[in-house]
Amino acid sequence: MTITTNFNKATLETVSLAKIGNPLRGESLKTSKDLCQFGEEDKEILTLAFLKPFKNLERYHFHHTSDLSLHEMHCYANTIFDQDERFLTYSRKIARHLYDKTKHPNIKSGDLCIALIRGVQINGEICDAISVVKSESLTPFLEISDQDGDLQLTTHNGIYPDKIDKGCLIVDYDKDGGYLVYTFDKGGSETNFWVRDFLGARARKDDEYRTKQYASMCTSFADEGLPEEMPLEQKYRVANDAIQYMSEAETFDEKHFHDEVLREPEIIEQFTQYKDNYKDEDGEPIATEFAIDKVAAKKAGSKIKGNLKLDTGVVMKFTPDFAERESDILERGYDEKMEMKYIKVFYHEEL
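Bear in mind that the values here come from a model prediction, so they are computed numbers and not experimental data.

Reading guide: rules and limits
- Residues numbered from 1 in each chain as written.
- Predicted model: local features only at pLDDT ≥ 70, side-chain atom pairs only at ≥ 80, totals over all residues.
- Heavy atoms only, no water.
- Salt bridge = Lys/Arg side-chain N within 4 Å of Asp/Glu carboxyl O.
- Helix = DSSP H or I, 4+ residues; strand = E, 2+ residues; numbered from the N terminus.
- Buried < 20%, exposed > 50% of the residue type's maximum accessible area, 1.4 Å probe, protein only.
- 1 Å grid on protein atoms, 1.4 Å probe; cavity = no way out; pocket = protein on both sides within 12 Å on 5 of 7 lines; lining within 4 Å.
- Points joined across faces, edges and corners; volume = space filled by probe spheres on them.
- Phe/Tyr/Trp six-rings, centres within 6.5 Å; stacked < 30°, edge-to-face > 60°.
- Lys NZ or Arg CZ within 6 Å of the ring centre and 35° of its normal.
- Pairing = 2+ DSSP bridges.
- Axes fitted to C-alpha atoms, helices over the stretch in contact; angles between N-to-C directions.
- Parallel < 35°, antiparallel > 145°, perpendicular 65-115°, else oblique.
- Left-handed = near helix turned anticlockwise from the far one by under 90°.
- Contact = heavy atoms within 4.5 Å.
- Nonpolar A, V, L, I, M, F, W, Y, C, P; charged D, E, K, R; others polar.

So, the pattern of salt bridges
Right, on to step 1. Taken as a whole and judged by the stated rule, the model has 23 salt bridges.
Right, on to step 2. Between K166 and E136 there is a salt bridge; the shortest N-O distance is 2.9 Å. With K166 in strand 9 (residues 166-171) and E136 in the loop between strand 6 (125-135) and strand 7 (139-147), this residue pair connects regions lying 30 residues apart in the sequence.
Right, on to step 3. With relative accessibility at 4%, the residue K166 sits in the buried group.
Right, on to step 4. The partner of R196 in a salt bridge is D197, with the nearest N and O atoms 2.9 Å apart.
Right, on to step 5. Residues participating in the shared-partner salt-bridge network are E13, D84, R118 and D128.

As for the layout of surface pockets
Right, on to step 1. Taken as a whole, the largest pocket encloses approximately 740 Å³ of empty space.
Right, on to step 2. N56, L57, R59, E208 and K299 are, among the 29 residues lining the largest pocket, the residues nearest its centre.
Right, on to step 3. Residue assignment for the lining of the largest pocket shows that the elements contributing at least two residues are strand 1 (5-6), helix 5 (207-225) and helix 9 (294-301).
Right, on to step 4. No other element matches helix 5, which puts five residues into the lining of the largest pocket.

Observations concerning the packing of aromatic side chains
Right, on to step 1. For the structure on display, the rule yields 18 aromatic pairs.
Right, on to step 2. Ring centres of Y214 and F252 lie 4.3 Å apart, and the angle between their planes is 50°; on these two criteria the pair is classed as tilted. One end of the pair, Y214, is in helix 5; the other, F252, is in the loop between helix 6 (232-248) and helix 7 (254-262), and 38 residues separate them in sequence.
Right, on to step 3. Judged by its relative accessible area of 5%, F252 falls in the buried class.
Right, on to step 4. Pairing F252 with F257 gives two aromatic rings, centres 5.3 Å apart and planes at 45°, and the pair type is tilted.
Right, on to step 5. The exposure class assigned to F257 is buried, which follows from its relative accessible area of 0%.
Right, on to step 6. By the ring-pair criterion, three or more aromatic residues cluster together here, those being Y214, F221, Y245, F252, F257, F271, Y274, Y278 and F290.
Right, on to step 7. Above the ring of Y90, the side-chain terminus of K93 is found at 5.4 Å from the ring centroid.

Concerning the pairing of strand 15 (residues 340-345)
Right, on to step 1. As defined by bridge partners, strand 14 (residues 330-335) adjoins strand 15 across six bridges and the pair is classed as antiparallel. Along strand 15, the bridge assignment pairs D335 with M340.
Right, on to step 2. Between the end of strand 14 and the start of strand 15, which pair antiparallel, lie four residues, with E339 showing a positive phi angle near 55°.

Here's the deal with unusual backbone geometry
Right, on to step 1. In the Ramachandran plot, Y179 falls in the positive-phi region, its phi being about 65° despite a non-glycine side chain.
Right, on to step 2. Residue placement: Y179 occurs in the loop between strand 9 and strand 10 (180-185).
Right, on to step 3. Phi angles above zero are rare outside glycine, and R263 is one such case at about 65°.
Right, on to step 4. With respect to the helices and strands, the residue R263 is situated in the loop between helix 7 and helix 8 (265-276).
Right, on to step 5. With a relative accessible area of 43%, R263 lands in the partly exposed category.

Some thoughts on the packing of helix 7 against helix 8
Right, on to step 1. Axis separation between helix 7 and helix 8 bottoms out at 10 Å; the angle between their running directions is 135°. Considered as vectors, helix 7 and helix 8 are oriented oblique to each other. By crossing handedness, the relation of helix 7 to helix 8 is classed as right-handed. Here helix 7 contributes E254, F257, H258 and L262 to the contact with helix 8, which in turn contributes I267, I268, F271, T272 and K275.
Right, on to step 2. By residue class, the composition of the contact of helix 7 with helix 8 is five nonpolar, two polar and two charged.

This is the structure in structure tokens:
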């Protein structure tokens, strides 16, 4: 089922703060004694700061091999959602949990903000959410102020919302399925500690995820799995036909996909071998049965490589319209006199 998230009516309720050091470097953990105070005039900009980073992210959920009641972050979130008066206590537990999981020397210290958000809409349902963001660097900014009747320029260092390094948004939706979790790590930590160790989260393997994975595999197959000597326009046609199929069909049928898109036995065999070695981010075989998510298929289509660069300085860009007529309007050959390859393209008029 497609999940639609809307932040338009969400508002910030309260915030807890912490400074997270790296215990391997002898750095400490410091948490706020009281909830952060802010005025109504600051609520809108703070709400935006705690929600903006989570737009258009992939969906995750808390995962435990046996029992979610043993999952620390799931338990902390569950308590906050059920007993929000204990927010300060359990936000400190979240900060402590992050500090305890900071066990790699490359993990930077930083400022942690944990916010309780009201009014996040999931498929029209009003939900609470917990935003956890960590900033590992401060951004300098200037301020011109009026002091003693004159103007003064002062510098400050602060957290810039667009530069937040790591974050997660835990939404009180589908509790038994591990909640709805959005997360990012701009640092791309090699230890993967934010998602795996701190959050204990995995991607939600819903139809959107399955569509994205299969479509992504199709485009990478066209780029990497087909014979190197195959002309780029033919590779582009294979990728484009795959995305076109997924844009039109309601459910994915792999045999029908083979017959309609790949068609040639040799390409079907190459695709099958490529797919057998293709795993999702958890190392599991990619799904072959799912309801197709049109938005995910369209996004995958935008990543198809369709530029042919020639050593004479000519660049050709292929489009979906071209892919449908490629064999009729493009001709390749070799000119003996020039001792060069050539490409001939037929057209009616210039646009």
